[in-house]
Amino acid sequence: MNEAKKIQLHESWLSRLQDEFDQDYMHELRNFLLTRKQHRAIIYPPGKQIFNALDSTPFDQVRVVILGQDPYHGPGQAHGLCFSVKPGVKVPPSLLNIYREIESDLGIAPPRHGYLQSWAEQGVLLLNAVLTVERGQAGSHQGKGWERFTDSIVQLLNEEREGLVFMLWGNYARQKGAVINRNKHLVLNAPHPSPLSAHQGFFGCRHFSQANQYLESHGQTPIDWSVPE
């Protein structure tokens, strides 16, 4: 049976990724996740939200791509959008630093929550390289196949779209974005917004104004980086 037919995913992505779901590595990844669940591992985000980044931002509506690494591994945090947390959850340190840079860059006051769904709905693909994690164990699902799957997403966007903005924060994201054609897309590099590295060049990078200037120069509407309360 075609495995892709069992996947709940926005059609604009499923039609392009269905061959990936039939690959051996995805079968192995699926078996790994089932085995971990059988061992009573608590996996984040919840199953229906694993592909939330793709569902929230259809392929043809992507305008900006922000690459994260892993979902948050604390209870109630991860919901399938990188750097974002559900309403009512304490804003994580990296996102606080993102808000700080947006305020410095664009004069937008930081919101009191970390729910970035409004960005996703404007065409900001908030994509983690790895789409699942186990409670309290950062990086626990790295090297299981997700990286290959999300590499194929980046490659699809690189090849089939033009005029996108890729924000690559930290060495991990920069390596993942190495395939991007700089002649077709704007690639913005900076250190990761983590408190460990934000002072090494993330603060002052002005990526958000640069992204909007690029979009406008290509006849597109800028992103509203404010987050509704």
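Everything that follows concerns the structure shown earlier in this document.
Residues numbered from 1 in each chain as written. Predicted model: local features only at pLDDT ≥ 70, side-chain atom pairs only at ≥ 80, totals over all residues. Heavy atoms only, no water.

A.B. asks: Describe in detail the overall build of the chain, supporting the description with residues and values.
C.D. replies: A tally of helices and strands in the chain yields 8 helices and 6 strands. Listed by position from the N terminus, the elements making up the chain come as α-α-β-α-β-α-α-β-β-α-β-α-β-α. Across the chain, the fraction of contacts at a sequence separation of at least 24, relative to all contacts at a separation of at least 6, is 67%. On the chain, roughly 10800 Å² of surface is accessible, and the fraction owed to carbon and sulfur atoms is 47%. For the chain, the distance from the average position of its 22 positive side-chain charges to the average position of its 23 negative side-chain charges is 7 Å. (Helix = DSSP H or I, 4+ residues; strand = E, 2+ residues; numbered from the N terminus. Contact = heavy atoms within 4.5 Å. Areas by Shrake-Rupley, 256 points an atom, 1.4 Å probe, with all protein chains shown as cover. Lys, Arg positive; Asp, Glu negative; His and termini not counted. Charge placed at Lys NZ, Arg CZ, Asp CG, Glu CD.)

A.B. asks: Tell me what's going on with the pattern of salt bridges, and back it up with residues and numbers.
C.D. replies: Tallied over the full model, the rule gives 6 salt bridges. Taking the shortest distance from any N to any O, the salt bridge between Glu134 and Arg36 comes out at 2.7 Å. Of the two residues, Glu134 sits in strand β4 (residues 133-134) while Arg36 sits in helix α2 (residues 24-38), which places them 98 residues apart along the sequence. The buried category is assigned to Glu134, whose relative accessible area is 4%. Between Asp151 and Lys176 there is a salt bridge whose closest N-O contact spans 2.6 Å. A residue pair is termed long-range when its members are at least 10 positions apart, and Asp151 in helix α6 (residues 146-160) and Lys176 in helix α7 (residues 171-176) qualify at 25 residues. On the accessibility criterion, Asp151 (36% relative accessible area) is partly exposed. On the basis of relative accessibility, which here comes to 10%, the residue Lys176 falls in the buried class. Salt bridges linked by common partners bring Arg16, Asp60 and Glu160 together as one network. (Salt bridge = Lys/Arg side-chain N within 4 Å of Asp/Glu carboxyl O. Buried < 20%, exposed > 50% of the residue type's maximum accessible area, 1.4 Å probe, protein only.)

A.B. asks: How would you explain unusual backbone geometry if you had to name every residue and give the values?
C.D. replies: Backbone torsion omega between Tyr44 and Pro45 reads -10°, so that peptide bond is classified as cis. Looking at the secondary structure, you find Pro45 in the loop between β1 (43-44) and α3 (52-56). Its identity is not glycine, yet Arg40 carries a phi of approximately 65°, on the positive side. On the secondary structure map, Arg40 appears in the loop between α2 and β1. Phi is positive for Phe83, close to 70°, though the residue is something other than glycine. Within the secondary structure, Phe83 is located in the loop between β2 (64-68) and α4 (93-106).

A.B. asks: Quick one: what's the story with the packing of α2 against α6, residue by residue and with numbers?
C.D. replies: Taken N-terminus to C-terminus, the directions of α2 and α6 make an angle of 130°; their axes are 9 Å apart at the nearest point. Here α6 runs oblique to α2, going by the angle between their axes. The crossing of α2 and α6 is left-handed. Residues Tyr25, Met26, Leu29 and Leu33 of α2 touch α6, and the partners they reach there are Trp146, Arg148 and Phe149. Residue composition of the contact of α2 with α6, by class: 6 nonpolar, no polar and 1 charged. (Axes fitted to C-alpha atoms, helices over the stretch in contact; angles between N-to-C directions. Parallel < 35°, antiparallel > 145°, perpendicular 65-115°, else oblique. Left-handed = near helix turned anticlockwise from the far one by under 90°. Nonpolar A, V, L, I, M, F, W, Y, C, P; charged D, E, K, R; others polar.)

A.B. asks: Could you give an account of empty space enclosed by the protein, naming the residues involved and the relevant values?
C.D. replies: Unfilled space is identified by rolling a water-sized probe across the atoms. All chains considered together, the criterion is met by 1 cavity of 30 Å³ or more. A volume near 30 Å³ is recorded for the largest cavity. (1 Å grid on protein atoms, 1.4 Å probe; cavity = no way out; pocket = protein on both sides within 12 Å on 5 of 7 lines; lining within 4 Å. Points joined across faces, edges and corners; volume = space filled by probe spheres on them.)

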